[in-house]
Amino acid sequence: MEMRNAQMLVVHAAELIPCAGPVQGIRAAALDRLEAIADGALAIVDGRIAEVGTSASILSRYEAPEVIDATGCLVSPAFVDSHSHLLHGGTRHEEYDAKVTGRREVPLDGGIRYTVRKTREASDEALLARARADLDAMLVHGTATLEAKTGYGLEREQEMRLLRLTAGLRHTVQVVPTYLPLHVLPDGYGDRRAEYIAEAIAALPQAARLAVYCDVSCDPLCFTFEECLEVGEAARALGMRIRVHADQNGDGSGALLAARLRASAADHLDYANDAGLRAMAEAGTVATLLPGVTLHMCEMTPRVAGAALRPAEKPFMPLLARRAIDAGAVVSLSTDYNPGSCPTPSMQMVMQLAARLYRLSYAQIWNMCTLNAARALDLSHDRGSLEPGKRADVLLWSVPTHGLAINRFGVNQVDTVIVEGRVVVREGRLLSSSTVGVNR
Ligand code: NIG
Ligand code: FE
């Protein structure tokens, strides 16, 4: 048989998980199935996956100048992380201490406005340097694609600055920009809500030139169904796609809103109602759960007047995932990386928390962090699984099986990261400047 030339082969994986599935995403019982190829291998041509199979079949048909021996390693797709607040100033570790110990009162909004102030005060250079360092950490932990929102600018000029800085990041991790005008109402707008909504809508044409998505927070602590609908419809009319922070602190009909707007994804969903989840399943809106937030905010209702906004009984955590799966939704997982509700940049941590908090199977978790996560960013035709034609974004793990990658926790278990067919991390370390960019 004639040998084909590849750019790179990865061979002799203890286990290779393609995480393949339909471009619309994986649902229901299929979430619990995961193919694992023993002695697995793949061939890469022009930065794309050419073929996946056993080492015997790949080695009999391909030759390449670079052959990576994955003996003893799990091989998986790289992660897609579909929800982050990457650009921000300051930290909120002191607020967290106050919350954990209950010694001081903390603001009802969880301090978002504090981060807004710190972000405004930070120089462009400081914001970029911090974001790049965070992207480096994400890459080393296996993330090759990241959604990044604004939302700590709030007023137009500051929001546009954050969008411009996001566009200027140039990093190996591909960053997908989202404009989040409806995060919280800025200080001083208490009795001028309509004015703020009108300003957000007026800024949309400018935002649409820099961002793929428009995000709105539909939640009793943030914005109403009607306010979010108005902004969401205006954004759609300009060709933007929609994401929703839905029902994080109470049922604000955020899930229904997301379905109505045909949003790409709705995230959080802690207090979403079943009708909303079913409507999302029907609309093809991905339900993204954020176990890092679930853990970080766990049982820490702010000690403030109005805290009764949270129902007396918190939702039983395992039900969170089960209800979304049973509703038939495409379920995915993400970090929601931000300084307040989830300061971890690691999708490995997200996988490990999802098992413990939501009682999901290893198979469900892998499908939710790969193909379904790519679907949440409308990228499942291009990445999120190891299938012919897709981007060669590949991880080699220091553990041999997909279950162990979730069962062990607390250390980085990604050894090698390949992005578009290029090794960018080896033995857990960045090889060179990660800004030698493939980020277009
Ligand atoms: O968890 N509606 C917003 N919720 C944000 C909070 C971010 C923060 O605390 O700074 C979220 O996604
Ligand atoms: Fe968020």
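See above for the structure.
Structure report, in brief. (Residues numbered from 1 in each chain as written. Chains lettered and ligands numbered in written order. Predicted model: local features only at pLDDT ≥ 70, side-chain atom pairs only at ≥ 80, totals over all residues. Heavy atoms only, no water.)

## Overview of the coordination of the iron ion (ligand 2)
Only His-83 (NE2), His-85 (NE2), His-245 (NE2) and Asp-336 (OD) from the protein coordinate the iron ion (ligand 2), and they sit 2.0 to 2.5 Å from it. The motif formed by the donor residues of the iron ion (ligand 2), counted along the single chain, is H-x1-H-x159-H-x90-D. Assessed through its relative accessible area of 2%, His-85 is described here as buried. (Donors = N, O, S within 2.8 Å, 3.2 Å for Na, K, Ca; no water. Buried < 20%, exposed > 50% of the residue type's maximum accessible area, 1.4 Å probe, protein only.)

## So, the sheet that holds strand β10 (residues 174–182)
What the eight strands build is an open sheet, ordered β8-β9-β10-β11-β12-β13-β14-β15; its pairing is parallel. Sheet topology places β8 (79–81) and β15 (331–333) at the edges, where each strand pairs with a single neighbour. On average, each strand axis in the sheet is tilted by 25° relative to the strand beside it, whichever way the strands run. Direction of pairing for β8 relative to strand β9 (residues 143–149): parallel, over a ladder of three bridges. Along β9, the bridge assignment pairs Val-80 with Thr-145. (Pairing = 2+ DSSP bridges. Helix = DSSP H or I, 4+ residues; strand = E, 2+ residues; numbered from the N terminus. Axes fitted to C-alpha atoms, helices over the stretch in contact; angles between N-to-C directions.)

## A few points about the environment of Asp-69
Inspection of the secondary structure assignment puts Asp-69 in strand β6 (residues 66–69). For the pair formed by Asp-69 and Leu-9, sequence separation is 60 residues and the distance between their alpha carbons is 8.5 Å. Those residues in contact with Asp-69 that lie beyond four places of it in its chain are Val-11 and His-12. A distance of 2.5 Å separates a polar atom in the side chain of Asp-69 from a polar atom in the side chain of Thr-71. (Contact = heavy atoms within 4.5 Å. Polar contact = N/O pair within 3.5 Å; in protein donor to acceptor, adjacent residues only side chain to side chain.)

## Brief notes about the site of ligand 1
Around ligand 1, a shell composed of 15 residues is seen, among which Arg-92, Tyr-152, Gln-248, Asp-336 and Ser-341 lie nearest. Residue Arg-92 places a side-chain N or O atom 2.7 Å away from an oxygen atom belonging to ligand 1. Contact distances for ligand 1 include 3.5 Å between an oxygen atom and a side-chain N or O atom of Asn-338. Protein contacts shield 96% of the accessible area of ligand 1, which totals 340 Å² for the unbound molecule. When the residues that make up the shell around ligand 1 are grouped by side-chain class, the tally is three nonpolar, 10 polar and two charged. (Near = heavy atom within 4 Å. Areas by Shrake-Rupley, 256 points an atom, 1.4 Å probe, with all protein chains shown as cover. Nonpolar A, V, L, I, M, F, W, Y, C, P; charged D, E, K, R; others polar.)

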